[in-house]
Amino acid sequence: MGTQLPQVAPTRIATLERGSKVLVMDRVTGRSVYVPRASRRLLGLLSTEENRLPPELATLRRDLMAQLAGYGIGAAIRPRAEALNTLILKLTNACNYACTYCYDFEPEETATTLELEIAIRAVIEGLELCNEGLQVVFHGGEPFLAFDHIKKIVIAGEEEAARLGKVLIFRGQTNLSRLTPETVDFSIQHDIHWGFSLDGPPRRNDIFRVLRSGTGTHDRFERALAQFPAFVRSCNAMATITSANYDNLLGISRYFQSQGLRGWDWSLFQPIGRGRQHAEVYFEIERLVDSWNELFEAVAAGEFDGFAVSPVLKYLDNFVNGPGRNMCMRKGCGAGRDLLSISSDGQVEACDCIDPKGPLSNLGNLKLVTLTRARHSVTARLIRSREVEQGRCEHCIWLAVCGGTCLARARTLHGICEDECQLALNAFDRISNELAESTRLRDYLTDCYGSRN
């Protein structure tokens, strides 16, 4: 007897004409396949439930679903993993920069440093809560201002991970201005993967990434690159997208490549923290989409082969492989689920991008609660209840690979971020059209990320 195929709701399978082919997309798993355009009429059977079709058409539909199942389309839905796997430690809210748009600094705050005992306890509990491994991200403020804490946290964490037989990975985000031979050597010895913040070449970077005096900070990057070239080039750049650079993504990518870096990523300006009072930082989404298209065309043409352009790769990876690698681009994002963030005062947040003055902030304080209690708090459960299909995402073909945009950037719990929606709609349209006719982007993805299949 053959394997019984699961009954698949017609709304789960979506199709879209892409030149000479038709894209068939599973809106739940994100798996997809291209079929010849001549198959369009047969694909129309998918829009009707099997028990409503005549026997001969029901058989055709069943055979078609069996073929699609070979590509993961219509497959049984696996329960979502709920184990913690990422812990952000905001070691201090102090920073030697005063970036105009800083999302993590509120004017009423005073400088604080996360208590070492709380930080170590969080890592140990995180290791107990994770399944096979835990990623700990050092953040700030500027985490290198608390590097003595970093050394002690890493050593204690490594000892506990070895005892439990689990994998522990350390990452971090820095502005590179506080590098020393000691901190660089320790990072290399303990395999801490650092990213650094830079918004592009000097004239782009120095508009909003400034010191308290208003002086630009790009020269700090140049100094770090000159002193520690191999270390800096082993890191990826992270650019905050603002009115200073949104219209020149291609130029930014070329600049980072010219500096010998491995790749770069972006983060869209978020009007919280210091950015609440600086509307001039905000970008125009229509021009940003145009700018992304310019960058995409260069990637598709092969200009950045071997160089990871994450503003394109993150969409490409989700489209080709389905959601998973990026916890921000899937239904049921990582906030309060895979991810927890610890602020410098010990407060637990579901995600460090959630507005600390908003209704979804504060899952408790580690001076009073455990990570387990924070994950089971009323607010954490509310965050995990988010359901974007109540709105426009209900019928969108890209739902599984987009995830319904970032919760922290949406105006309401079940709403979406309009800017991210426009970016995603454009990106998946461009990518799906390109992949219908060429393997060029798949080759680029494999070159940068390897294969997940």
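Residues numbered from 1 in each chain as written. Predicted model: local features only at pLDDT ≥ 70, side-chain atom pairs only at ≥ 80, totals over all residues. Heavy atoms only, no water.

Some points on the environment of Asn426
With respect to the helices, strands and loops of the structure, Asn426 is situated in helix α15 (residues 418–437). With residues near it in sequence (within four places) discarded, Asn426 still touches Val289, Trp292 and Asn293. Side-chain polar atoms of Asn426 contact the side chain of Asn293, separated by 2.8 Å. (Helix = DSSP H or I, 4+ residues; strand = E, 2+ residues; numbered from the N terminus. Contact = heavy atoms within 4.5 Å. Polar contact = N/O pair within 3.5 Å; in protein donor to acceptor, adjacent residues only side chain to side chain.)

Structural notes on the sheet that holds strand β3 (residues 32–36)
Backbone-to-backbone hydrogen bonds pair the strands of a sheet. The strands run either parallel or antiparallel. A sheet is described by the order of its strands in space; here three strands give the open sequence β1-β2-β3, paired in antiparallel fashion. The open sheet has two edge strands, β1 (13–18) and β3, and neither has a second partner. On average, each strand axis in the sheet is tilted by 25 degrees relative to the strand beside it, whichever way the strands run. Pairing geometry for strand β2 (residues 21–26) and β3, over five bridges, is antiparallel. Each bridged residue has a counterpart across the sheet, and for Val24 the counterpart in β3 is Val33. Sitting on the sheet, α15 touches β1, β2 and β3, and the angle it makes with β1 is about 70 degrees. (Pairing = 2+ DSSP bridges. Axes fitted to C-alpha atoms, helices over the stretch in contact; angles between N-to-C directions.)

Looking at the pattern of salt bridges
Tallied over the entire structure, the rule returns 27 salt bridges. Across the pair Asp305 and Arg440 runs a salt bridge, and its minimum N-O distance is 2.5 Å. One end of the pair, Asp305, is in the loop between α10 (285–300) and β10 (308–309); the other, Arg440, is in helix α16 (residues 440–449), with 135 residues separating them in the sequence. Three or more residues are tied together by salt bridges with common partners; here these are Glu106, Arg276, Asp355 and Lys357. (Salt bridge = Lys/Arg side-chain N within 4 Å of Asp/Glu carboxyl O.)

Comments concerning a nonpolar patch on the surface
Taken together, the side chains of Leu42, Leu57 and Leu60 make up a nonpolar region of the molecular surface, amounting to roughly 220 Å² of accessible area. Relative to the assigned elements, Leu42 resides in helix α1 (residues 40–43). (Patch = residues over 30% accessible without salt bridge, like charges linked within 9 Å, V, L, I, M, F, W, Y side chains within 5 Å. Areas by Shrake-Rupley, 256 points an atom, 1.4 Å probe, with all protein chains shown as cover.)

Structural notes on the packing of α10 against helix α11 (residues 310–321)
Closest axis-to-axis distance for the α10/α11 pair is 10 Å, and the angle between their directions is 75 degrees. Overall, the two elements α10 and α11 adopt an arrangement that is roughly perpendicular. On α11, the residues touching Trp292, Leu295, Phe296 and Val299 of α10 are Pro311, Val312 and Tyr315. A breakdown of the residues in the contact of α10 with α11 according to their chemical character gives seven nonpolar, no polar and no charged. (Parallel < 35°, antiparallel > 145°, perpendicular 65-115°, else oblique. Nonpolar A, V, L, I, M, F, W, Y, C, P; charged D, E, K, R; others polar.)

So, the packing of aromatic side chains
Throughout the structure, instances matching the rule amount to 16 aromatic pairs. Seen from their ring centres, Phe269 and Tyr282 are 6.3 Å apart, and the 70 degrees between their planes marks the pair as edge-to-face. Residue Phe269 is found in the loop between β9 (263–268) and α10, and its partner Tyr282 is found in the loop between β9 and α10; the two are separated by 13 residues along the sequence. The class of Phe269 is buried, set by a relative accessible area of 5%. What makes Tyr282 partly exposed here is its relative accessible area of 37%. (Phe/Tyr/Trp six-rings, centres within 6.5 Å; stacked < 30°, edge-to-face > 60°. Buried < 20%, exposed > 50% of the residue type's maximum accessible area, 1.4 Å probe, protein only.)

A few points about the sheet that holds strand β8 (residues 236–241)
With mixed pairing, nine strands are arranged side by side in an open sheet as β10-β9-β8-β7-β6-β5-β4-β11-β12. Looking along the sheet, the strands with just one partner apiece sit at the ends: β10 and β12 (348–349). Its contacts with the sheet put helix α4 (residues 147–164) on β4 (86–90), β5 (133–139), β6 (167–174) and β7 (193–197), and the angle it makes with β6 is roughly 165 degrees.

Points about the packing of α10 against α15
Two elements in contact, α10 and α15, have axes separated by 10 Å at closest approach and are oriented at 25 degrees. Overall, the two elements α10 and α15 adopt an arrangement that is roughly parallel. The element α10 and its partner α15 pack so that their crossing is right-handed. Seen from α10, the contacting residues are Ile285, Leu288, Val289, Trp292, Asn293, Phe296, Glu297 and Ala300; seen from α15, they are Asp419, Gln422, Leu423, Asn426, Ala427, Arg430, Ile431 and Glu434. (Left-handed = near helix turned anticlockwise from the far one by under 90°.)

Description of unusual backbone geometry
With an omega of 10 degrees, the peptide bond between Gly140 and Gly141 qualifies as cis. With respect to the element layout, Gly141 can be found in the loop between β5 and α4. Phi at Asn362 is positive, roughly 70 degrees, even though this residue is not glycine. Secondary-structure assignment places Asn362 in the loop between β12 and α12 (371–375). Positive phi is not limited to glycine here, since Thr405 has a value of about 70 degrees. Along the chain, the position of Thr405 falls in the loop between α14 (399–402) and α15. The class for Thr405 is buried, based on a relative accessible area of 5%.

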